[in-house]
Amino acid sequence: MVPDDLRFTKEHEWVRVEGDEAIVGITQYAADQLGDIVFVELPAVGKVLEQYATFGVVESVKAVSDLFAPVAGEVVGVNDALADKPELVNGEPFGDGWMVRVRLADAAQVEGLLDAAGYERIVAEG
Amino acid sequence: MTEATTTTPLPSPLLDRHERLGAKIVEFAGWLMPIQYAGILEEHRAVRSAAGLFDLSHMGELVVEGPDAGAALAAALVTDPPALAVGRAQYSMICADDGGIMDDLIVYRLAEDRFMVVANASNARVVSDALAERMEGFQAVLDDRSLATGLVAIQGPRSIDILGPLTSLDIGAIRYYGIAEGVVAGMPVQVARTGYTGEDGFELFADVDRVGELWDTLLEAGRPHGQVPVGLGARDTLRLEAGMPLYGNELDASTNPFEAGLGRVVKLSKPGDFVGRAALERVVRDGVGRQLIGLEMRDRGIARHGYPVLAPASADAPAGPVGSVTSGTMSPTLGTAIAMAYARPVDAGPGTMLAVEIRGVPVAAEVVPLPFYKRPA
């Protein structure tokens, strides 16, 4: 089950809209598939993200995976806790394992993302 | 890196057991093998603190037998198997004429005229073919027992407590790199005190039709000791911490044993010719152009296979690439990112500051002695 107040990408990122900002992370399914996450590289505050462009990487013991921005916008906050505790992404991907907070460049982009039911269908189809 | 294979992968003889244990299964070297069960970090830590049980049935077992078996292997490999006492083993390599490594091996002397050569799964066929060719003219026969043999390993400080009660063998008396035949869990098993984790432990060779029973017995007996099943993912992080090379990463056909820091394994003093001798003698005379080093990252980032190694400017050369990373990971035991890499001999001294280029950015790394991890005495 995924939280139904979020929006999702096919690449397993989630977005939670709060006013004109959005919080971004990766889903439980993505974290489970990656396995133990040992390193997260995030952009600096002030960086402007383009929708669907890579904005960072997440590394498990075995593999390096790109993070794709679900929405465009300026980074206004990053989860510094992940520098010392990358395992938060495995443990609480929808909570303390969040990654960046962006000021939405175009709120309409959120409407184009998958809802929870749509995302669950994608996961179920593998 | 394994050779590309278009044939259907072989299932491990324990595949159904791995699936019941919830393992993630991958194709590796032409076999379907477990890469992880509960998770790489948890499995890694269990091996360091208690014990882990590994399925290594994909490995190649080649038995060489006959009055000339030792002499044939001495001509085929870089080591001197006739010097082994019965019940002893040695780490070895098979090289090509140009001194390049075709595979790294363990050679066990099972009897006066019988040896077992254990090869990497990805190279088992190549090694088998090369041995057969190099044994021509010797009174010895090669029996490829790879598909008839199941192999499980128990590794970690509790190994001896778990395995001991399951056998009449005095396993404490088997020395490191020793092997003995005995009955374990009611079946004949070759018990070797070898491994690929940096911990004490045993590798058990059994008939492929009965290795399932052996696995079940060990899994059950080990549970109260904190033993868990361990997949190939943690096997890789364990061997990397222990500074042990992996064929396809640190070793390949374009690398000679001296570059890989394994010159001590090559017995140039042994009598007689062996494949690669002339080339390896030239390497000793002329020196190596690159050398395997250990790196610990001093800034944030994880070096991975293939990333460039950079050196600062020196009197002789401008700043720039001097080698590349062969293996790298976040070390679960040390909590820092570690890597093995090839670099120039001038860069190889512990304490030398280099950098690894990670996604276009140089990240500081310090040369450290290998291994990264040594088990407490």
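Structure: see above.
As the structure is a prediction and not an experimental result, all values here were calculated from the model.

Enquirer: With reference to specific residues and values, describe the overall build of chain A.
Expert: Across its full length, chain A carries five helices and nine strands. Projected onto its principal axes, the C-alpha positions of chain A cover 35 × 35 × 20 Å. The 126 residues of chain A split such that 47% are buried. In chain A, the proportion of contacts linking residues at least 24 apart, taken out of those at least 6 apart, comes to 59%. Only carbon and sulfur atoms are counted for the fraction: they give 47% of the accessible area of chain A, which is about 5,900 Å². The average position of the 9 basic charges and that of the 24 acidic charges among the side chains of chain A differ by 1 Å.

Enquirer: Tell me about the pairing of strand E7 (residues 64-68) of chain A, and name the residues and values.
Expert: All names here are of chain A. Bridge count for strand E6 (residues 54-60) against E7 is five bridges, and the pairing is antiparallel. Its bridge partner lying in E7, Gly56 is registered against Leu67. The hairpin formed by E6 and E7 contains three residues between the paired strands.

Enquirer: Could you give me a rundown of the interface of chain A and chain B, with the residues and numbers involved?
Expert: Taken together, the contact pairs 15 residues of chain A with 17 residues of chain B. Between chain A and chain B, the buried area comes to about 1,300 Å², and carbon and sulfur atoms account for 51% of it. Among the residues chain A hides against chain B, the three largest losses belong to Phe39, Val61 and Lys62 of chain A. Together they make up 42% of the total. The tally of links between chain A and chain B comes to four salt bridges. Note that Glu41 of chain A and Arg359 of chain B form a salt bridge whose closest N and O atoms lie 2.9 Å from each other. Of all the elements in the fold, those that place two or more residues in the side of chain A that touches chain B are helix H1 (28-34), strand E4 (37-41) and E6 of chain A.

Enquirer: Please give an account of the sheet that holds strand E13 (residues 201-207) of chain B that cites residues and values.
Expert: Residues and elements named next belong to chain B. Strands sit in the order E11-E12-E13-E10-E4-E14 across an open sheet of six strands; the sheet is mixed. Each edge of the open sheet is held by one strand with a lone partner, namely strand E11 (179-184) and strand E14 (227-230). Adjacent strand axes in the sheet meet at a mean angle of 25°, parallel and antiparallel pairs treated alike. Where strand E12 (residues 187-192) and E13 come together, three bridges link them in antiparallel fashion. Within E13, the position partnered with Val191 by the bridge is Leu204.

Enquirer: Could you give me a rundown of the environment of Ala337 of chain B, with the residues and numbers involved?
Expert: Residues and elements named next belong to chain B. Structurally, Ala337 can be placed in strand E18 (residues 337-343). Take Ala337: its relative accessible area is 4%, and that puts it in the buried class. A C-alpha to C-alpha distance of 7.2 Å links Ala337 and Gly301, two positions 36 residues apart in sequence. Beyond its immediate sequence surroundings of up to four residues, Ala337 is in contact with Leu295, Glu296, Met297, Gly301, Ile302, Thr329, Met330 and Ser331.

Enquirer: Run through the environment of Ala140 of chain B, naming residues and quoting values.
Expert: Residues and elements named next belong to chain B. As for its placement among the helices and strands, Ala140 is situated in the loop between helix H4 (124-134) and strand E9 (141-144). Its relative accessible area of 14% is what places Ala140 among the buried residues. In this structure, the C-alpha to C-alpha distance between Ala140 and Ala319, residues 179 residues apart in sequence, is 54 Å. Once residues within four sequence positions are removed from consideration, Ala140 is found in contact with Val64, Glu65, Gly66, Asp68, Ala69 and Met135.

Enquirer: Tell me about the sheet that holds strand E8 (residues 114-119) of chain B, residues and numbers included.
Expert: All names here are of chain B. Across the sheet, which stays open at both edges, the five strands sit in the order E6-E7-E8-E5-E9 with antiparallel pairing between neighbours. Each edge of the open sheet carries a strand with a single partner, namely strand E6 (89-95) and E9. Going from strand to strand, the sheet's axes swing by 30° on average, the running direction of each strand aside. One ladder, built from six bridges, connects strand E7 (residues 101-111) with E8; its direction is antiparallel. Counterpart to Ile106 in the pairing with E8 is Val118.

Enquirer: Describe the pattern of salt bridges, listing the residues and the values that go with them.
Expert: In the structure shown here, the tally under the stated rule is 31 salt bridges over all chains. Residue Arg17 of chain B is joined to Asp16 of chain B by a salt bridge in which the shortest nitrogen-to-oxygen separation is 4.0 Å. Residue Asp16 of chain B is classed as partly exposed on the basis of its relative accessible area of 37%. The partner of Arg158 of chain B in a salt bridge is Asp161 of chain B, with the nearest N and O atoms 3.1 Å apart. Judged by relative accessible area, which is 32%, Arg158 of chain B ranks as partly exposed. Its relative accessible area of 36% is what places Asp161 of chain B among the partly exposed residues. One continuous salt-bridge network, built from bridges that share partners, spans Glu41 and Glu59 of chain A together with Arg304 and Arg359 of chain B.

Enquirer: Could you give me a rundown of empty space enclosed by the protein, with the residues and numbers involved?
Expert: All names here are of chain B. Evaluated as defined, the whole model comprises one cavity of 30 Å³ or more. Of the pockets and cavities examined, the largest cavity occupies roughly 30 Å³. Considering the residues around the largest cavity, the lining is formed by Met33, Pro34, Phe54, Asp55, Leu56, Val230, Gly231, Leu232 and Arg235. Within the residue set of the lining of the largest cavity, elements represented by two or more residues are strand E3 (31-36), strand E4 (51-55) and helix H7 (232-241).

So, how was this worked out
- Throughout this description, residue numbers start from 1 for each chain and increase along the sequence as written.
- Chain A is the first chain written and ligand 1 is the first ligand written, with later ones labelled in order.
- Predicted model: local features are reported for residues with pLDDT of at least 70 only, side-chain atom pairs are reported and counted for 80 or more only, and whole-chain, interface and lining totals are derived from all residues.
- Remark: hydrogens and water are excluded; side-chain values derive from all non-hydrogen atoms of the structure.
- Each helix corresponds to a stretch of at least 4 residues labelled H or I by DSSP, and each strand to a stretch of at least 2 residues labelled E; elements are numbered beginning at the N terminus.
- Classification of residues uses two cut-offs on accessible area relative to the type maximum, computed with a 1.4 Å probe and protein chains only: under 20% is buried, over 50% is exposed, and between them is partly exposed.
- Contacts were defined at the residue level, with two residues in contact if any of their heavy atoms lie within 4.5 Å.
- Values of accessible area rely on a 1.4 Å probe in the Shrake-Rupley scheme; residue burial ignores everything except the protein chains shown.
- Neither His nor the chain termini are counted; the positive set is Lys and Arg, and the negative set is Asp and Glu.
- Here the site of a charge means NZ on Lys, CZ on Arg, CG on Asp, or CD on Glu.
- Two strands qualify as a pair provided that DSSP identifies no fewer than 2 bridges between them.
- The quantity reported as buried area is the accessible area (1.4 Å probe) lost by two parts once they are put together, taken as the sum for both.
- We define a salt bridge as a side-chain nitrogen of Lys or Arg found within 4 Å of a carboxyl oxygen belonging to Asp or Glu.
- For helices, the fitted axis covers only the stretch in contact; all axes are lines through C-alpha atoms, and the angles between them, taken along N-to-C directions, range from 0 to 180 degrees.
- A pocket here means an open set of points on a 1 Å grid, computed over the protein atoms alone, that has protein on both sides within 12 Å along at least five of seven lines. A cavity is instead a set of points where a 1.4 Å probe fits but cannot get out; residues with an atom within 4 Å of a point line either one.
- Grid points are joined across faces, edges and corners, and a volume is the space filled by probe spheres set on the points.

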